[in-house]
Amino acid sequence: MMKILALASVLLLLTACGGSNISNNNRFNNNPTPQPTAWVAGQYDPSRNFENRCAAPRSNSSYEDLAGTVTDENYWIRSWSHETYLWYSELPDINPASTASAIDYFEQLKTSATTGSGKPKDRFHYTWNTEQYKQLSESGISVGYGFTISLVQSSPPRKALIVFTEPNSPATTHNISRGAEIISIDGVTVSHGDADALNAGLFPSTTGESHSFVIRDLNASSNRTVTLQSAEITEVPVYKNQVISQGNKKIGYLVLNTFGVATAEQQLIDATNNLKSQNINELVLDLRYNGGGYLIISAELGTMIAGDSAAGKVYGEVIHNDKRSMENISYPFPSTAYGLSATAGTALPKLGLARVYILARDDTASASEYLINALRGIDVEVILIGETTHGKPYGFVPRDNCGTTYFTIQFKGANAKGFGDYADGFIPAATDNGTDQVHGCQVADDLSKALGNESENILATALYHIQHGSCPAGTTASANKPAHPLSAMRGTVIRPYPIGLILP
Amino acid sequence: MRRPALVLALIAVLAGCQSQAQQPPALALLTEQSQANLEQIRLVIEEALGTQNMRLSQSLFKETSLLIIERQALRSIANPPLFSETEFPNHFMLLKSSQGCLIEHRQSQRQWVLENIDCILTSGED
């Protein structure tokens, strides 16, 4: 039992790709050690010597902040990074007294190395206000209008397109649907308007706020104005669950928009039971907007897809830097539900498929990529349709110090074959090279059709591949000539949480 | 004569108490999602988790006895996306017992009695 609990803890930690040990770990830091009188390059004192010494100590009794300086905070960042950062040997050593802001100092403490494609190796290095980060809510409940937008460009000239809407939301009430463009909000144009005004309209903090939106619907020749009132939105992780008949095949089509809501666990069990009862031959799993979440739910989904062939096999490994190798652990495909929203211990339904089609784009990340990697690790064939995934095989345990929660990469994941180097994402390719190139077809997202519409580009490509065993002509990135302006759309999907999302 | 009657009455009362005390709390649903009820529950949950400004739905404990609390996912283009990083969710259950309606935090098994809130028993739910 202890072992199971320990394992579950690790999975939850990963969930997070940073579970969140954000409370102050050092409860006994009442005898502050004198800080070094001078910075010595290459000499690192333990981070515990500097933690909770804050330039602006919090008065909240749940924290143990002590009076300190920004330099103290920087010393803590420096030592903590050197202890935990996955690539600590690639960190620059910067004098903590040289930077007047802890956040600015932290920004500098990451590797400057690049991936094979030339991207920065570390694209996941950031901070968050601790109080914001700790904000809790009922699972899947938020305030908004019920649409998710893709921001084709976050800085002017911006373009905001609706990618999907939640059922029974203000968006659906006003017939706002996939492919619609938001032209302006409260008279401020999305393309060049004031970012604060746009954020205030797009991301209301309370229910009952009214904002005026000018919308251009898909294929419309003119705009329309709607007044949307913010409301309580219930996110539905399993967005579509249907069976498509094609010849003598029954193809399950499952859209999972997030692993990050606990209710996804029960919804996936229900969806899998439904698909199993209909005796599907193939599964098309649509993860194009799924940026990750609870890794344990993705592991459960892996079991539900692979079935008995996954029993006892490794879902993933967590690999830390060489100072923390004792913390490395591997974890199996689970046979039962962990109990995030389902009843703990419930046997997971199993489709027992030897292959799965996964629909993806750049927003497919983290736990979604872990699933792709884990299935390939046990020789379940993954056929990837869409675009290259985000490339985040890394995780962290967020850590609070003095009111800022720091995210620095502390471990990487790997599958049963030991592969985890997909920092440039999984790439749909003509052949599967066993590493980052996955057999599949490259095709851009198609906002001109509803999700689940069999002629929507990505789904249509998967259906074609199921029938013919190859990609349809014109589905490679270079050859694609979309018929509709929105039938080949790239952008960054953002969700309507109350955080400023528009850049000036 | 008076004394035996008193003893009998006392025994009856005690038996009644014991009988009531033996009823285990059972899963329940709220009979009314009034703002006052929801506010009281919100304060209980906030106290249990040591937090503030908790967001709860208007349909709390209407169709299920289980309340799942998790950290809000954060995304921003000002920072790289956070991919819905999430802590293990906290589970709360609405229970009905002889004391009335209770909120139980599943992980710690701590309980809070709700004041002037009615609930009805449900079954077959976890």
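For the structure, see preceding data.
Described below are features of the structure shown in this document. (Residues numbered from 1 in each chain as written. Chains lettered and ligands numbered in written order. Predicted model: local features only at pLDDT ≥ 70, side-chain atom pairs only at ≥ 80, totals over all residues. Heavy atoms only, no water.)

### Some points on the overall build of chain B
Link 1 in the chain: Secondary structure summary: chain B contains 2 helices and 6 strands in total.
Link 2 in the chain: Listed by position from the N terminus, the elements making up chain B come as α-β-α-β-β-β-β-β.
Link 3 in the chain: Taking all 126 residues of chain B together, 44% fall into the buried category.
Link 4 in the chain: Expressed as a percentage of contacts within chain B between residues at least 6 apart in sequence, the contacts between residues at least 24 apart total 54%. (Helix = DSSP H or I, 4+ residues; strand = E, 2+ residues; numbered from the N terminus. Buried < 20%, exposed > 50% of the residue type's maximum accessible area, 1.4 Å probe, protein only. Contact = heavy atoms within 4.5 Å.)

### Observations concerning the overall build of chain A
Link 1 in the chain: Of the regular secondary structure elements, chain A holds 10 helices and 26 strands.
Link 2 in the chain: Summed over all atoms, the accessible surface of chain A reaches about 18,700 Å², with 51% contributed by carbon and sulfur. (Areas by Shrake-Rupley, 256 points an atom, 1.4 Å probe, with all protein chains shown as cover.)

### Comments concerning the sheet that holds strand β13 (residues 238-246) of chain A
Residues and elements named next belong to chain A.
Link 1 in the chain: Pairing in this open sheet of 7 strands is mixed, and the strands run β13-β14-β15-β18-β19-β25-β24 from one edge to the other. Edge positions in the sheet fall to β13 and β24 (427-429), since each has one partner strand and no second. Adjacent strand axes in the sheet meet at a mean angle of 30° when their direction is disregarded.
Link 2 in the chain: In this structure, β24 lies alongside strand β25 (residues 437-442), joined through 3 bridges in parallel fashion. Bridge pairing in β25 places Pro428 opposite Val438.
Link 3 in the chain: Its contacts with the sheet put helix α9 (residues 367-377) on β15 (282-286), β18 (355-360), β19 (381-386) and β25, and the angle it makes with β19 is roughly 145°.
Link 4 in the chain: Together, β13, β14 (249-256), β15, β18, β19 and β25 form the strand contacts of helix α10 (residues 457-468), whose direction differs from that of β18 by roughly 155°. (Pairing = 2+ DSSP bridges. Axes fitted to C-alpha atoms, helices over the stretch in contact; angles between N-to-C directions.)

### Considerations on the pattern of salt bridges
Residue and element names in this part refer to chain A.
Link 1 in the chain: Applying the stated rule across the entire model yields 21 salt bridges over all chains.
Link 2 in the chain: A salt bridge links Arg288 to Glu456; its shortest N-O distance comes to 2.8 Å. Of this pair, Arg288 sits in the loop between β15 and α8 (295-306) while Glu456 sits in the loop between β25 and α10, and the two are 168 residues apart along the sequence.
Link 3 in the chain: In the salt-bridge network here, residues are joined through shared partners; they are Arg178, Asp286, Arg288, Arg361, Asp363, Asp445 and Glu456. (Salt bridge = Lys/Arg side-chain N within 4 Å of Asp/Glu carboxyl O.)

### Let's talk about the environment of Arg55 of chain B
Link 1 in the chain: Relative to the helices and strands, Arg55 of chain B resides in the loop between α2 (35-49) and β2 (66-71).
Link 2 in the chain: Taking C-alpha positions, Arg55 of chain B is 9.4 Å from Gln72 of chain B, a pair spaced 17 residues apart along the chain.
Link 3 in the chain: Other than its neighbours up to four places away in sequence, Arg55 of chain B contacts Leu136, Ser137, Glu138, Ile141, Ser142, Val143 and Ser205 of chain A together with Gln72 of chain B.
Link 4 in the chain: A polar side-chain atom of Arg55 of chain B sits 3.4 Å from the main-chain carbonyl oxygen of Ser205 of chain A. (Polar contact = N/O pair within 3.5 Å; in protein donor to acceptor, adjacent residues only side chain to side chain.)

### A word on the environment of Leu49 of chain B
Link 1 in the chain: Following the sequence through the fold, Leu49 of chain B ends up in helix α2.
Link 2 in the chain: It is 8.6 Å that separates the C-alpha atoms of Leu49 of chain B and Asn90 of chain B, two residues lying 41 residues apart in sequence.

### A word on the sheet that holds strand β3 (residues 126-129) of chain A
Residue and element names in this part refer to chain A.
Link 1 in the chain: Judged by pairing direction, the sheet is antiparallel, and its 3 strands sit side by side in the order β3-β22-β21 without closing on themselves. Of all the strands in the sheet, the pair left with one neighbour each is β3 and β21 (399-401). In this sheet, adjacent strand axes meet at a mean angle of 30° when their direction is disregarded.
Link 2 in the chain: Of the strand pairs in this sheet, β3 and strand β22 (residues 404-407) are connected by 4 bridges, and their pairing is antiparallel. Counted as the bridge partner of Thr127 is Tyr406 from β22.

### Focus: the packing of helix α7 (residues 263-277) of chain A against α8 of chain A
Residue and element names in this part refer to chain A.
Link 1 in the chain: Viewed as axis vectors pointing N to C, α7 and α8 meet at an angle of 10°, and their least axial separation amounts to 10 Å. Taken as axis vectors, α7 and α8 run roughly parallel relative to one another. Along its contact with α7, which presents Ala264, Glu265, Leu268, Ile269 and Thr272, the element α8 presents Ile297, Glu300, Leu301 and Met304.
Link 2 in the chain: Among the residues making up the contact of α7 with α8, the classes are represented as 6 nonpolar, 1 polar and 2 charged. (Parallel < 35°, antiparallel > 145°, perpendicular 65-115°, else oblique. Nonpolar A, V, L, I, M, F, W, Y, C, P; charged D, E, K, R; others polar.)

### Some words on the pairing of strand β1 (residues 26-30) of chain B
Residues and elements named next belong to chain B.
Link 1 in the chain: Judged by how many residues are buried, β1 sits mostly within the fold: 4 of 5 residues are covered.
Link 2 in the chain: As judged from the 2 bridges shared by β1 and strand β3 (residues 90-97), these two strands associate in the antiparallel manner. Residue pairing across strands places Ala26 opposite Lys96, the latter belonging to β3.
Link 3 in the chain: With 3 bridges connecting them, β1 and strand β6 (residues 119-121) associate as antiparallel partners. When the sheet's bridge partners are listed, Leu29 is paired in β6 with Ile120.

### Describing helix α2 (residues 70-84) of chain A
All names here are of chain A.
Link 1 in the chain: The end-to-end C-alpha separation of α2 is 21 Å, in line with the 21 Å expected for 15 residues at 1.5 Å each.
Link 2 in the chain: Of the residues making up α2, those classed as buried are Asp72, Glu73, Asn74, Tyr75, Trp76, Ile77, Arg78, Ser79, Trp80, Ser81, His82 and Thr84.
Link 3 in the chain: Buried-residue contacts for α2 involve β1 (53-54), α3 (102-108), β21 and β22. (Expected span 1.5 Å × (residues − 1).)

### Details of α8 of chain A
Link 1 in the chain: Taking 1.5 Å per residue as the helical rise, α8 of chain A with its 12 residues ought to reach 16 Å, and the 16 Å between its terminal C-alpha atoms agrees with that figure.
Link 2 in the chain: Taken as a whole, α8 of chain A has its buried residues at Leu295, Ile296, Ile297, Ser298, Ala299, Glu300, Leu301, Gly302, Thr303, Met304, Ile305 and Ala306 of chain A.

### So, the pairing of β3 of chain B
All names here are of chain B.
Link 1 in the chain: Along β3, 7 of the 8 residues are buried, which leaves the element largely enclosed by surrounding structure.
Link 2 in the chain: Pairing of β2 with β3, which is carried by 4 bridges, proceeds in the antiparallel orientation. Bridged to Ile68 within β3 is His91.
Link 3 in the chain: Sheet topology places β3 next to strand β4 (residues 100-105); 6 bridges connect them, and they run antiparallel. Bridge pairing in β4 places Phe92 opposite His105.

### Some points on the packing of aromatic side chains
Centre-to-centre distance and the angle between the planes together describe a pair of aromatic rings.
Residues and elements named next belong to chain A.
Link 1 in the chain: For the structure shown, the criterion picks out 21 aromatic pairs over all chains.
Link 2 in the chain: These aromatic residues form a ring-pair network of at least three members: Trp76, Trp80, Phe106 and Tyr406.
Link 3 in the chain: Lys323 extends its terminal NZ or CZ atom over the ring of Tyr88, reaching a point 4.1 Å from the ring centre.
Link 4 in the chain: Above the face of the Phe124 ring, Lys392 is positioned so that its terminal group lies 5.8 Å from the ring centre. (Phe/Tyr/Trp six-rings, centres within 6.5 Å; stacked < 30°, edge-to-face > 60°. Lys NZ or Arg CZ within 6 Å of the ring centre and 35° of its normal.)

### Things to note about the side chain of Thr51 of chain B
Link 1 in the chain: Tracing the backbone shows Thr51 of chain B in the loop between α2 and β2.
Link 2 in the chain: Ignoring anything within four residues of it in the chain, the contact list for Thr51 of chain B reads Leu136 of chain A together with Glu46 of chain B.

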